[in-house]
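Each chain is listed here by its residues.
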Amino acid sequence: GAGFIGGGAGYRLTQYDLDSVGPDPDRELPIANIDGGLFFDRPLQFSGSDWLQTLEPRFYYLYAPFRDQTDLPQFDTRALTFGVPTSFSTNRFVGADRQGDANQVSVALTSRLLNRQTGHELLTATIGQIYYFEDRRVQLNPNAAPETESSSPLIAELDYRPFDRWTASVGAHWDFEDDQADYGLARLQYLDGGKLANISYRMRRDSVEQVDLSAIWPVGEHWRLIGRYNYSLQDSELLEAMAGFAYEGCCWAVRLLG
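All values reported here derive from a predicted model rather than from experimental measurement.

Undergrad: Just give me the short version of the nonpolar core, but keep the residues and values in it.
TA: Grouped burial of nonpolar side chains is what soluble globular proteins tend to show. One finds Leu29, Ile31, Tyr60, Leu62, Ala64, Val84, Phe88, Ala102, Ala108 and Ile155 forming the largest nonpolar core, which totals 10 residues. Elements represented by at least two residues in this core include exactly β2 (26–46), β3 (49–64) and β6 (102–115). With three residues, the single largest contributor to this core is β3. Not counting residues within four places of it along the chain, the set of residues in contact with Ile31 comprises Gly8, Ala9, Gly10, Arg12, Leu62, Tyr63, Ala64, Thr90 and Gln99.

Undergrad: Kindly report on the side chain of Thr124, identifying the contributing residues and their values.
TA: Mapped onto the secondary structure, Thr124 falls in strand β7 (residues 121–132). Among the polar contacts made by the side chain of Thr124, one reaches the side chain of Glu121 at a distance of 2.3 Å. The residues touching Thr124, leaving out its near neighbours within four places in the chain, are Thr110, Ser111, Arg112, Glu157, Leu158, Asp159 and Arg161.

Undergrad: Describe the environment of Gln74, naming the residues involved and giving the relevant values.
TA: Residue placement: Gln74 occurs in the loop between β3 and β4 (78–79). Given the relative accessible area of 38%, Gln74 is considered partly exposed. The sequence separation of Gln74 and Gln117 amounts to 43 residues, and the corresponding C-alpha distance is 52 Å. Ignoring sequence-local partners within four residues, the contact set of Gln74 consists of Asp97, Arg98 and Leu140. Only 2.3 Å separates the side chain of Gln74 from the backbone oxygen of Leu140, close enough to count as a polar contact.

Undergrad: Pulling in residues and values, what's your account of the pattern of salt bridges?
TA: Per the counting criterion, the structure on display carries 17 salt bridges. Between Asp35 and Arg58 there is a salt bridge, with the nearest N and O atoms lying 2.7 Å from each other. Of the two residues, Asp35 sits in strand β2 while Arg58 sits in strand β3, which places them 23 residues apart along the sequence. The partly exposed category is assigned to Arg58, whose relative accessible area is 32%. Residue Arg202 pairs with Asp212 through a salt bridge whose shortest N-O separation is 3.7 Å. Here Arg202, found in strand β11 (residues 195–204), pairs with Asp212, found in strand β12 (residues 208–218); they are 10 residues apart in sequence, far enough to count as distant.

Undergrad: Hey, could you go over the layout of surface pockets for me, with residue numbers and the actual values?
TA: As a volume, the largest pocket reaches approximately 980 Å³. In terms of lining residues, the largest pocket is bounded by 40 residues, among which Phe82, Tyr132, Glu147, Ser152 and Pro153 are the most central. Grouping the constituent residues of the lining of the largest pocket by class yields 14 nonpolar, 15 polar and 11 charged. When its volume is computed, the second largest pocket comes out at roughly 400 Å³. Here the lining of the second largest pocket takes five residues from strand β9 (residues 166–175), the largest share from any one element. Broken down by class, the residue content of the lining of the second largest pocket amounts to seven nonpolar, eight polar and five charged.

Undergrad: Hey, could you go over a nonpolar patch on the surface for me, with residue numbers and the actual values?
TA: On the surface, a cluster of nonpolar side chains totalling about 650 Å² of accessible area is made up of Phe163, Trp166, Leu188, Ile199, Leu213, Tyr229 and Leu238. For Trp166, the position within the fold is in strand β9. A residue is classified by how much of its surface remains accessible, and Trp166, at 36% relative accessible area, is partly exposed.

Undergrad: I'd love a proper account of empty space enclosed by the protein, names of residues and values included.
TA: Across all of its chains, the model carries one cavity of 30 Å³ or more by this definition. Looking at the largest cavity, its volume works out to about 30 Å³. Together, Val84, Ser87, Phe88, Ser106, Val107, Ala108, Gly128, Gln129 and Ile155 line the largest cavity. Counting only elements with at least two residues in the lining of the largest cavity, the list comes to β6 and β7. Here the element with the most residues in the lining of the largest cavity is β6; it accounts for three residues. Here the lining of the largest cavity is composed, by residue class, of five nonpolar, four polar and no charged.

What counts and how
- Residues numbered from 1 in each chain as written.
- Predicted model: local features only at pLDDT ≥ 70, side-chain atom pairs only at ≥ 80, totals over all residues.
- Heavy atoms only, no water.
- Core = buried A, V, L, I, M, F, W, Y, C linked by side-chain atoms within 4.5 Å.
- Buried < 20%, exposed > 50% of the residue type's maximum accessible area, 1.4 Å probe, protein only.
- Helix = DSSP H or I, 4+ residues; strand = E, 2+ residues; numbered from the N terminus.
- Contact = heavy atoms within 4.5 Å.
- Polar contact = N/O pair within 3.5 Å; in protein donor to acceptor, adjacent residues only side chain to side chain.
- Salt bridge = Lys/Arg side-chain N within 4 Å of Asp/Glu carboxyl O.
- 1 Å grid on protein atoms, 1.4 Å probe; cavity = no way out; pocket = protein on both sides within 12 Å on 5 of 7 lines; lining within 4 Å.
- Points joined across faces, edges and corners; volume = space filled by probe spheres on them.
- Nonpolar A, V, L, I, M, F, W, Y, C, P; charged D, E, K, R; others polar.
- Patch = residues over 30% accessible without salt bridge, like charges linked within 9 Å, V, L, I, M, F, W, Y side chains within 5 Å.
- Areas by Shrake-Rupley, 256 points an atom, 1.4 Å probe, with all protein chains shown as cover.

Here it is, written out as structure tokens:
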């Protein structure tokens, strides 16, 4: 087995220069985190091959005190999509206009199954959750109520790669408080050099249920076909359809999409 532990501390200062009456708003606060994990592995044998199974627990503590940001503008900020990567981020928003307050710990457990001869990763499974020690008061909408839950939905993700070019992925966020899924995803992907094709289904409770097909496919040495079809099952409506082609030479490219 092996392990790691690290962390970071910083001071975030943001100031605006606006053409408005009154002093320009600003925001300053410290941010600190501790990140650690362990790595265990064991050999396995099945289907005539040697495999390695890993077990990788990880924890991440984040602290950022509350600062009133209702007087700050919102130019390019949005909430990050909740998932495993964002559970280990220093901010639940992207952009400079909001810094989320936090006193929380994220925990996750990942297991992988790898072929010891080829290094091929057959299976990756992860579960994780965030535990909150304080309410989250900073919101995009200044009139929104604080988030008071003591824990996030449980995150579960699984990637299965039966062949080098194929990946099947499923994921879900389960809300124990409401005893139902907040989010679900199923995707099949083919990737081989410049060839890429995806088909996916995703749902978000009470707001989204969509299927999405997309592809980039070479035809010849320099030409590629590009297409996407995104359909809302909830609204029975086409959201986006796109098709076109691209030419890529040694030092220039042309793309035409409609």
